[in-house]
Every structure is written in structure tokens, then in C-alpha cells.
Amino acid sequence: MPWQAIARKEIRGLVKPRSIKLGLFLVGFTFTMGGYLLPTAQATPTTTDYTGYMQGAVTLLLPLFGLLLGYKTVVAERESGQLELLLSLPHSRKGTVFGKFVGRTAVLAMVVGLGILSGSALVAYPFGSLEPGVMVGYFLITGLYGMAFVSIGMAISTMTTSSRLATAATFGIFFLFVVLWPELEVPLFLVLDYLGLANGGLPDWALFVRGLEPGMLYDRIIAAFFGQVDRGRYLGPDAPWFLGEWPALVLLGAWTIAPVAIGYRRFRGTDL
Amino acid sequence: MTAIRTENLTKRYGALTAVDRVDLAVEEGEIFGFLGPNGAGKSTLINVLLDFARPTTGSVEVFGIDCQERSVAARERMGVLPEGYAVYGRLTGRQHVQFAMESKGVDGDPMDVLDRVGVAEAADRPAGEYSKGMAQRLVLAMALVGEPELLILDEPTSGLDPNGAKRMREILTEENERGATVFFSSHILEQVESISDRVGIMHDGKLVAVDTIDKLRRTAKNGTKLLISVDDSDDSHLETIEAVDGVQSAWFEDDEDKLGVTCSNDAKMDILVALHERGVDVLDFTTEEPSLEDLFVEYTGGRS
């Protein structure tokens with residue numbers, strides 16, 4: 001299948017640039033380091049403890065690395081002319097975007113998987129305990145989270161025609177999602193309160209919108225599945241169903257597909 | 001069967017019409033040279049053929065397959081050396097050819113084509129270290145993978161040294177003998193002349209001429225230049241010659257005993273006969289075929 005040829009080529013070419021190498025190292029190192037440090041804080045750590053312990057690092061690092069993997073994929077090849085070479089072979093544009101997405105996601109999954117594996121091993125040995133089910137579930141959800149940012153990066157890459165613009169958009173997205181989003185609660189409340197829509201707190205629909213960002217979804221899923229959290233505005237007993245962890249999982253899944261799909265639709269119709 | 005057929009093909013970029021209502025048919029099995037100055041619309045037409053760009057109106061077919069509707073199926077029949085490409089700097093030459101083979105679903109040894117284009121010794125070096133000429137050879141190798149029925153080459157000899165250009169022409173001829181249709185563009189005329197069965201000349205987005213080079217020569221207005229040595233240099237000879245049908249102009253060359261004439265190809269004998277009837281002794285005469293360059297200049301209005 002032609003798209004598999006593209007995925008393979010992507011993987012061959014990906015493990016060489018310095019920025020990607022550094023990113024790969026950093027992600028693997030962080031997961032491993034977490035497994036090394038956790039037992040110093042807790043006498044008998046478990047894999048479940050590890051998932052909570054890693055949260056802050058993961059929600060900073062994976063968006064960065066996911067975007068890094070995605071944002072130059074198409075636009076840089078388009079600018080340089082590599083895309084002409086690729087598309088002069090019998091590849092469809094759909095197969096091109098899909099193959100690149102699969103190739104890059106595979107690299108991400110590999111390093112996250114290896115990182116979690118070595119981190120979990122360090123947590124379990126010698127005094128902690130290993131929960132294989134938790135480890136696999138954690139890997140799948142964390143992988144999905146990283147994939148969402150590869151997808152967002154590729155959406156930027158397919159919709160822009162200059163690398164400079166793509167870089168700016170990528171910084172913008174990172175800043176918006178990772179830096180700005182957690183701070184939006186108060187301004188959002190003030191605006192809604194001014195409009196008379198807030199009744200002592202954010203209404204459910206506003207919580208839903210605020211909770212749409214991949215990092216918020218990821219936090220909620222990890223907290224509910226592994227942290228056994230059942231309190232708060234999202235996961236508490238009084239919260240509406242659409243703020244819960246299962247809809248969050250579906251939405252996180254949508255983040256992995258929708259951006260790259262929308263980007264492809266734009267890319268399909270344009271001249272190179 | 002027709003290898004390439006464009007029907008009323010137009011491509012506009014804003015106010016600029018890059019390709020203007022072009023009807024072109026390239027027959028199966030021929031080597032077709034696609035000529036024109038830079039910016040004439042050659043590359044745009046090829047880009048539409050490859051579905052890099054979408055036509056404003058009209059259509060392109062390759063072996064009856066619509067290049068937009070069924071772009072992948074069309075490109076499965078082609079080997080392409082596109083314009084303005086870049087190689088993957090981090091992949092080796094061998095990996096490039098491997099990628100082309102995987103993409104086309106072909107098995108075999110990548111070294112066969114690499115050897116043929118003359119970059120075998122650099123097969124395991126990253127293509128980022130290749131010179132422009134080597135990269136051009138590598139992409140030709142990728143185009144040759146899978147013995148395509150149609151080779152599309154946009155300025156194939158650009159970046160090649162004379163030896164490389166010669167090898168390129170040899171390969172194109174070999175491919176044609178194998179049965180492939182070859183369609184290549186160039187703004188360098190000598191390269192087209194030696195191997196093309198037919199040529200098409202693009203100018204300002206329009207296809208201004210399509211024919212064999214011989215026929216283009218014959219139909220060109222200033223077809224032939226004639227040099228005639230006579231025994232006396234009388235001004236009345238000029239009038240005699242200019243009275244003949246098909247003569248554009250006649251003059252005395254600097255050394256006074258030679259007459260220069262530009263005329264259509266058919267008029268040559270008539271001129272000699274007319275001079276003979278007037279009792280002029282023709283000592284010698286030579287003809288100069290117009291070069292392709294002259295033809296080109298004539299068809300494209302002097303800009304090349």
C-alpha cells in the first residue's frame with residue numbers, strides 16, 4: 001500500500017533531525033526520570049501513583065513534542081519541493097497526509113511507550129508494585145493525548161503555505177492551550193457574570209467549553225480512571241453526564257482525528 | 001492510443017493566464033519535445049497533468065484517464081521528473097529509489113536504476129550531499145522505476161554537465177525504444193532537436209506550433225537562406241530574384257560577388273532558373289537551413 005511506503009519513509013527520515021532527536025530523548029527521559037524520582041517521595045509506589053505524579057510534566061511536554069512532530073510535516077516539504085517529488089509518484093493527497101500522520105504518530109507512540117515502560121519498571125522495583133492493566137491504559141490515553149497534538153500540528157502544516165506562518169501558528173496554539181487556557185476560568189466567569197449568565201459559578205455549558213482543550217480532557221480522564229476522583233464540578237456526583245470522563249475520552253479521540261481531517265480537506269483543493 | 005490529450009485547457013492565476021486554451025495530443029510511442037521560453041506555461045501545463053494544479057477550464061487525459069478525477073491512476077502510468085523538486089536530504093540515494101519502488105509496488109534491486117543513471121557509487125550517501133546534477137540523475141532513476149509507459153520530464157537537463165545531458169538523451173532514447181512515450185520540456189533547443197520526433201512550441205500560454213522539426217522549418221516564413229555566387233554583380237539581379245514567388249528579400253553580400261536571398265524552401269530552384277533565363281552565370285550556391293533557434297525566435301516573437 002502506498003501510504004505505508006510514506007509512513008516508512010517518514011520514520012526513516014524522522015529519527016535523524018536534531019530537534020526531533022532531542023524531543024525523543026526528552027520525552028523518554030522525563031517518563032523514566034519520573035519513575036526514578038517517585039520512590040524517593042513515596043515508600044511503596046504503584047503504577048497508579050505514577051500516572052498522577054507525571055501529570056504536570058506530561059501536559060507540558062507532550063503538546064510541545066506532538067506539535068514539533070506535526071507542524072512542519074507538509075508545509076516544509078511544500079516549500080522545499082519535496083512534496084512535488086512525492087506527489088509525482090502515484091500517491092494521493094489523502095494517502096500522503098495519512099501516511100505522514102501514521103509515521104509520526106508511530107514515532108511518538110514508540111517513545112512514549114518505551115518511556116512509560118522504563119518509568120513503570122523503576123517505580124515497581126524494588127519496593128513498589130506494577131499494575132500491567134493500568135500501565136497499558138495509561139500508555140493508550142497518554143498516546144492519544146500526544147497524537148491530538150500531532151494532529152493539530154499537521155492541521156497547521158496542511159493549511160499554511162509558509163514555514164514561518166506555520167511556526168507562528170504553532171507557538172500561538174501552544175501558548176493558547178498550555179499557557180493561557182488554565183488561566184481562562186476567571187475572565188470567563190467575569191464576562192458571563194457581567195452578561196448575567198453566571199449563577200455564582202460557571203454554567204454547565206461553559207464548563208463543557210472550558211473543558212474541551214485536550215489537556216483538560218486528559219487531566220480529567222487520568223484523574224477519573226486512575227486517580228479514582230469522583231468529586232468536583234466535572235467528575236462529582238452532581239455534574240451532568242457530558243462533563244464526565246467517558247465523553248472526555250471520546251472528545252480526546254476526536255482531537256486526534258478532526259484537526260488533521262480538516263487540514264486535509266483544505267489541502268485537497270489547493271494548488272501546490 | 002493517445003498518450004496525452006489536453007482539451008481546451010486553461011489555467012489562470014488571478015489576472016495571469018498561464019495556459020490559454022491549449023489542445024495538445026501526444027501520440028503513444030513518440031518523443032515529444034515541449035519548447036518555449038521560461039514562463040511560457042510549460043511547467044504549468046505539466047503541473048496540471050500531475051494534478052499539482054487544477055485547471056480553470058478544460059481537461060487533461062493520460063491514456064484516456066482524467067488527470068484530475070483519477071490522478072493516482074494517471075500517475076501510475078507515468079515516470080516523472082518534476083520541476084522545482086527537492087530530494088529528501090536525510091535519506092540516501094538507495095532509500096529514495098526504494099521509496100519509489102514501494103510507492104509503485106515494484107520489486108527489484110535499487111542499484112539497477114542507480115547504476116543506469118550513473119550515481120551508483122553515491123547510493124549510500126545522504127542525498128542532501130548530492131550536487132544538483134546528481135540529484136537530477138537520482139530523480140531520473142526514480143522516474144525510471146517500474147518501466148512506466150509515459151515519461152514526463154520537466155527541464156530534464158537543467159543542472160547537468162554536457163556528459164550528463166548526453167547520458168540523459170541516451171536514456172530517453174533507450175526508454176523510447178523500449179516502448180515508452182517521452183514528453184519533455186526544455187528551453188534549450190539543441191537538446192530537443194536531436195531526439196524529438198515532434199515538438200510543440202508554447203508562447204505566452206498558447207501552443208503556437210506543433211509539428212516535426214523538418215516541417216516547422218519548411219513552413220517557417222524565412223525558411224531558407226541562399227548564397228549564390230555569380231560572375232558579375234549587377235543590381236538588376238536583385239530585381240530578378242525578388243520577382244520570384246516566395247522570396248522575401250535579396251541583397252549583395254559584403255564581398256560583392258555573392259547574392260544573399262531569404263526565401264521559402266520551395267523557391268530555391270525557381271530563383272536559379274530565373275537567373276539562368278536572364279543569362280546570369282551561376283558559379284556556385286549554398287543553402288543554409290534555419291537553425292531551430294531561428295524558428296523558435298520566429299514563433300515566439302523574438303523573445304527567448
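These numbers come from a predicted model, not from an experiment.

**Considerations on the overall build of chain A**
(1) Moving on: A count of helical and extended segments in chain A gives 14 helices and 0 strands.
(2) Moving on: Beginning at the N terminus, the succession of helices and strands in chain A can be written as α-α-α-α-α-α-α-α-α-α-α-α-α-α.
(3) Moving on: When the backbone C-alpha atoms are referred to their principal axes, chain A occupies close to 55 × 55 × 30 Å.
(4) Moving on: Counting every position in chain A, which comprises 272 residues, the buried fraction comes to 50%.
(5) Moving on: Sequence separation of 24 or more characterises 78% of the internal contacts of chain A that already satisfy a separation of 6 or more.
(6) Moving on: As presented, chain A carries roughly 12,500 Å² of accessible surface, and 69% of it is formed by carbon and sulfur atoms.
(7) Moving on: Treating the 20 positive side-chain charges of chain A as one cloud and the 16 negative ones as another, the clouds have centres 16 Å apart.

**Focus on the interface of chain B and chain A**
(1) Moving on: Opposite the 30 residues of chain B that make contact, chain A presents 28 residues.
(2) Moving on: Of the roughly 2,600 Å² buried at the junction of chain B and chain A (both faces included), carbon and sulfur atoms supply 59%.
(3) Moving on: Counting across the interface, chain B meets chain A through 3 salt bridges.
(4) Moving on: R12 of chain A serves as the salt-bridge partner of E102 of chain B, at 3.3 Å between the closest nitrogen and oxygen.
(5) Moving on: Linking chain B with chain A are 15 residue pairs in polar contact (both at pLDDT 80 or more).

**With respect to helix α3 (residues 93-104) of chain B**
(1) Moving on: The terminal C-alpha atoms of α3 of chain B, which comprises 12 residues, lie 17 Å apart, in line with the 16 Å expected from a rise of 1.5 Å per residue.
(2) Moving on: For α3 of chain B, the complete set of buried residues consists of G93, Q95, H96, V97, F99, A100, M101 and S103 of chain B.
(3) Moving on: Those residues of α3 of chain B that are buried lie in contact with α1 (2-14) and α6 (82-87) of chain A together with α4 (110-117) and α5 (132-144) of chain B.

**Quick word on the nonpolar core**
(1) Moving on: Within the largest apolar cluster, 145 residues are counted, with the highest numbers of intra-cluster contacts made by Y138 of chain A together with M78 and F183 of chain B.
(2) Moving on: No other element matches helix α8 (residues 132-159) of chain A, which puts 11 residues into this core.
(3) Moving on: Filtering out sequence-adjacent residues up to four positions away, Y138 of chain A remains in contact with F31, Y50, T51, M54, V58, I116, Y218, I222 and F226 of chain A.
(4) Moving on: Counting 18 residues, the second-largest nonpolar core is a separate cluster that includes L238, I271, L272 and L275 of chain B.

**As for the packing of α1 of chain A against helix α7 (residues 93-124) of chain A**
Residue and element names in this part refer to chain A.
(1) Moving on: Taken N-terminus to C-terminus, the directions of α1 and α7 make an angle of 45°; their axes are 7 Å apart at the nearest point. Between α1 and α7, the angle falls in the class oblique. α7 is crossed by α1, and the crossing has right-handed handedness. The segment α1 lies against α7, with W3, I6, A7, K9, E10, I11 and L14 engaging G95, T96, F98, G99, K100, V102, G103, R104, A106 and V107.

**A closer look at unusual backbone geometry**
(1) Moving on: Here Y125 of chain A and P126 of chain A are connected by a cis peptide whose omega angle stands at 5°.
(2) Moving on: Relative to the assigned elements, P126 of chain A resides in the loop between α7 and α8.
(3) Moving on: Of note, E147 of chain B is a non-glycine position whose phi angle comes to about 40°, a positive value.
(4) Moving on: Along the chain, E147 of chain B turns up in the loop between α5 and β7 (150-154).
(5) Moving on: On the basis of relative accessible area, E147 of chain B is assigned to the exposed category, the value being 56%.
(6) Moving on: One non-glycine residue, E155 of chain B, lies in the positive phi region at around 50°.

**Let's talk about a nonpolar patch on the surface**
Residue and element names in this part refer to chain A.
(1) Moving on: The grouping of V191, Y194, L195, L197, W205 and V209 at the surface amounts to a nonpolar patch, some 690 Å² of accessible area in total.
(2) Moving on: Among the structural elements, V191 can be located in helix α10 (residues 185-194).
(3) Moving on: Residue classification places V191 among the partly exposed residues on the basis of a relative accessible area of 47%.

**Comments concerning helix α14 (residues 245-269) of chain A**
Think of an α-helix as turning once every 3.6 residues; residues three or four places apart then point the same way.
Residue and element names in this part refer to chain A.
(1) Moving on: Under the 1.5 Å per step criterion, the end-to-end length of α14 is 37 Å for 25 residues, consistent within 8% with the ideal 36 Å.
(2) Moving on: Maximum bend of α14: about 30°, positioned at W255, with proline P259 one to four residues after it.
(3) Moving on: What α14 keeps buried is the set P247, A248, L252, T256, P259, V260, G263, Y264 and F267.
(4) Moving on: Against α5 (75-80), α6, α7, α8 and α12 (214-225) lie the buried residues of α14.

**Looking at the confidence of the model for chain B**
Interpretation of this model should avoid reading the predicted coordinates in detail wherever pLDDT is low.
(1) Moving on: Taken residue by residue, chain B gives an average pLDDT of 88. The fraction at 70 or more is 95%.
(2) Moving on: Overall fold confidence (pTM) sits at 0.84, and the ipTM for the predicted complex is 0.83.

**Description of a negative patch on the surface**
(1) Moving on: A surface patch of negative charge is lined by D231, D232, D234, D235, E239, E242 and D281 of chain B.
(2) Moving on: Here D281 of chain B shows up in the loop between α10 (267-277) and β14 (282-288).

Procedures and definitions
- Residues numbered from 1 in each chain as written.
- Chains lettered and ligands numbered in written order.
- Predicted model: local features only at pLDDT ≥ 70, side-chain atom pairs only at ≥ 80, totals over all residues.
- Heavy atoms only, no water.
- Helix = DSSP H or I, 4+ residues; strand = E, 2+ residues; numbered from the N terminus.
- Buried < 20%, exposed > 50% of the residue type's maximum accessible area, 1.4 Å probe, protein only.
- Contact = heavy atoms within 4.5 Å.
- Areas by Shrake-Rupley, 256 points an atom, 1.4 Å probe, with all protein chains shown as cover.
- Lys, Arg positive; Asp, Glu negative; His and termini not counted.
- Charge placed at Lys NZ, Arg CZ, Asp CG, Glu CD.
- Buried area = accessible area lost by both parts, 1.4 Å probe.
- Salt bridge = Lys/Arg side-chain N within 4 Å of Asp/Glu carboxyl O.
- Polar contact = N/O pair within 3.5 Å; in protein donor to acceptor, adjacent residues only side chain to side chain.
- Expected span 1.5 Å × (residues − 1).
- Core = buried A, V, L, I, M, F, W, Y, C linked by side-chain atoms within 4.5 Å.
- Axes fitted to C-alpha atoms, helices over the stretch in contact; angles between N-to-C directions.
- Parallel < 35°, antiparallel > 145°, perpendicular 65-115°, else oblique.
- Left-handed = near helix turned anticlockwise from the far one by under 90°.
- Patch = residues over 30% accessible without salt bridge, like charges linked within 9 Å, V, L, I, M, F, W, Y side chains within 5 Å.
- Bend = angle between axes of the 7 residues up to and from the residue.
- pLDDT = per-residue confidence, 0-100.

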